[in-house]
Amino acid sequence: MNDLSLHILDILQNSVSAGAYEIRLTVEEDPESDRLTVSIIDNGKGMSGEQLERVSDPFFTSRTTRRVGLGIPLFKQTCRESGGDLTITSQLGKGTSVTAVMGYSHIDRPPLGDISNILVLTMISNPEINFIFTYIYKKREFIFISSEVNDIIKDILSGNNQMIKLLTEYLNNNISELKT
Amino acid sequence: MNKIKSLDDLRRIKQDLAGGMNIREKSNSPESLVQIRVAMATCGIASGARNVMNTLIEKIEKDKIPAIVTQGGCMGYCYAEPTVEVKKPGEDPVVFSFVNEKVAIDILEKYVLKGELIDGILPVNYRTIEQK
């Protein structure tokens, strides 16, 4: 995984597979406290206590197509190598929350990557899910709710791929503005 | 072009595009379009599936190909990622393996537009004797 956005994409896919109809992605850059925090909270089917205990084990997965589950262990390793950690809480039938914390200026922290791109790619593939995306930079925040752009997503699903680029640009512009 | 900063900006551009000739005629039902699914589990993502998906979207937009691209889960072909499933209307899906940006373009230009098969097809439709 070259950047954090790929890890985030992977965890978002877990939430999608868990049958969530609302997924909250929050990215917080806080140079003052030297912390980068990413949290993904879904209202999917959740995990039992036993599943939760084994979720960081690369040889455990709920999938039947293969016998390994590397997404969480890889992300956890990245967090630990960056001076942080990854924590997961889950309740069966209610949902799962994944929180990744990293040292903002840590030399081994991968770059964030194109968060807007992975979010838009996931949104257009799952129009039935409401994605609530919050980007926080030095306590200033930008919030995006995908159900507010259902008309645009519907347009993309009808074949208007041009809107994918524009939607990504809209998110990137707002993230950039937070940082100026 | 001014920067898109609000949803109103986004909708205004959408309307401008719809009013002009910049977008191709849209389909009323996605089933009448070629449906392309990029496997996007850990194995696919780590192998470059996101770049493949972005390449497909750009090429489809540039050449006005009647297709939509979505994400899929792991099909169990982790060794062959990134994999891409292409379903033409009224035909069985075909799964291509080891897809990179170049192969993605080939899939669109050769298979989708001309119906030519290219290397790297996975036998997803294969049925064992027990299944028959």
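Residues numbered from 1 in each chain as written. Chains lettered and ligands numbered in written order. Predicted model: local features only at pLDDT ≥ 70, side-chain atom pairs only at ≥ 80, totals over all residues.

Caption draft 1: The overall build of chain A, seen in detail. Across its full length, chain A holds six helices and six strands. Going from N to C terminus, chain A has its helices and strands arranged as α-β-β-α-α-β-β-α-β-β-α-α. For a compact globule of 180 residues, the expected C-alpha radius of gyration is about 16 Å, and chain A comes in at 16 Å, within 12% of that figure. Dimensions of chain A, computed from the C-alpha atoms along their principal axes, are close to 40 × 40 × 25 Å. With 180 residues in all, chain A has 42% of them scored as buried. (Helix = DSSP H or I, 4+ residues; strand = E, 2+ residues; numbered from the N terminus. Rg over C-alpha atoms; globule rule 2.2 N^0.38 Å. Buried ≥ 20, exposed ≤ 12 C-beta atoms within 10 Å, placed from the backbone.)

Caption draft 2: Representation of the overall build of chain B. The number of helices and strands found in chain B is four helices and five strands. Its helices and strands in sequence order give chain B the pattern α-β-α-α-β-β-β-α-β, from N to C terminus. Taking all contacts inside chain B whose residues are at least 6 apart in sequence as the whole, residues at least 24 apart take part in 63%. (Contact = placed C-beta atoms within 7 Å.)

Caption draft 3: Up close: the environment of Q51 of chain A. Residues and elements named next belong to chain A. Turning to its location among the elements, Q51 is positioned in helix α2 (residues 49-54). Assessed through the 14 C-beta atoms surrounding it within 10 Å, Q51 is described here as partly exposed. It is 9.8 Å that separates the C-alpha atoms of Q51 and L92, two residues lying 41 residues apart in sequence.

Caption draft 4: Layout of the interface of chain B and chain A. Each partner contributes to the interface: chain B provides 33 residues, whereas chain A provides 36 residues. Listing elements by their share of the side of chain B that touches chain A, those giving two or more residues are α1 (7-19), α2 (42-47), α3 (49-63) and β2 (67-72) of chain B. Residues of the side of chain B that touches chain A, tallied by class, amount to 20 nonpolar, seven polar and six charged. (Nonpolar A, V, L, I, M, F, W, Y, C, P; charged D, E, K, R; others polar.)

Caption draft 5: Spatial organisation of helix α4 (residues 101-114) of chain B. Residue and element names in this part refer to chain B. In a regular helix each residue adds 1.5 Å, so 14 residues correspond to 20 Å; α4 covers 19 Å between its end C-alpha atoms and thus fits that length. In the structure, α4 departs most strongly from a straight axis at I107, where the bend amounts to approximately 30 degrees. Taken together, the buried positions of α4 are V103, A104, I107, L108 and V112. Turning to α4, the residues buried within the fold contact β1 (34-39), α3, β2, β3 (84-87) and β4 (94-96). (Expected span 1.5 Å × (residues − 1). Bend = angle between axes of the 7 residues up to and from the residue.)

Caption draft 6: Here's a closer look at the environment of N43 of chain A. All names here are of chain A. If you trace the backbone, N43 turns up in the loop between β2 (35-42) and α2. Expressed as a C-alpha distance, the spacing of N43 and E22, which sit 21 residues apart in the sequence, is 6.0 Å. Beyond its immediate chain neighbours, meaning those up to four positions away, N43 contacts A20, Y21, E22, K94 and G95.

Caption draft 7: Region of interest: the sheet that holds strand β6 (residues 140-145) of chain A. All names here are of chain A. The strand order across the open sheet formed by six strands is β3-β4-β2-β1-β5-β6, and the pairing between neighbours is mixed. The two strands at the open ends of the sheet, each matched to only one other strand, are β3 (85-91) and β6. Between one strand and the next, the sheet's axes are offset by a mean angle of 10 degrees, whatever the strand orientation. As defined by bridge partners, β3 adjoins strand β4 (residues 95-103) across seven bridges and the pair is classed as antiparallel. Residue pairing across strands places T87 opposite T99, the latter belonging to β4. (Pairing = 2+ DSSP bridges. Axes fitted to C-alpha atoms, helices over the stretch in contact; angles between N-to-C directions.)

Caption draft 8: Up close: helix α6 (residues 162-178) of chain A. With 17 residues, α6 of chain A ought to run about 24 Å at 1.5 Å a step, and its terminal C-alpha atoms sit 25 Å apart, in line with that. Here α6 of chain A has its buried residues at Q162, M163, I164, L167, T168, Y170 and L171 of chain A.

Caption draft 9: Local environment of the pairing of β3 of chain B. Residue and element names in this part refer to chain B. Covered by surrounding structure in β3 are V84 and V86 only, the residues E85 and K87 on the alternate face being uncovered. Two strands pair when backbone bridges link them, and β1 and β3 are joined in this way by four bridges, in the antiparallel orientation. Bridge pairing in β3 places I36 opposite V86. Turn length for the β3-β4 hairpin, with the two strands adjacent in sequence and antiparallel, is six residues, and the turn residue G90 shows positive phi of about 80 degrees.

Any functional reading would require information beyond the geometric quantities listed.
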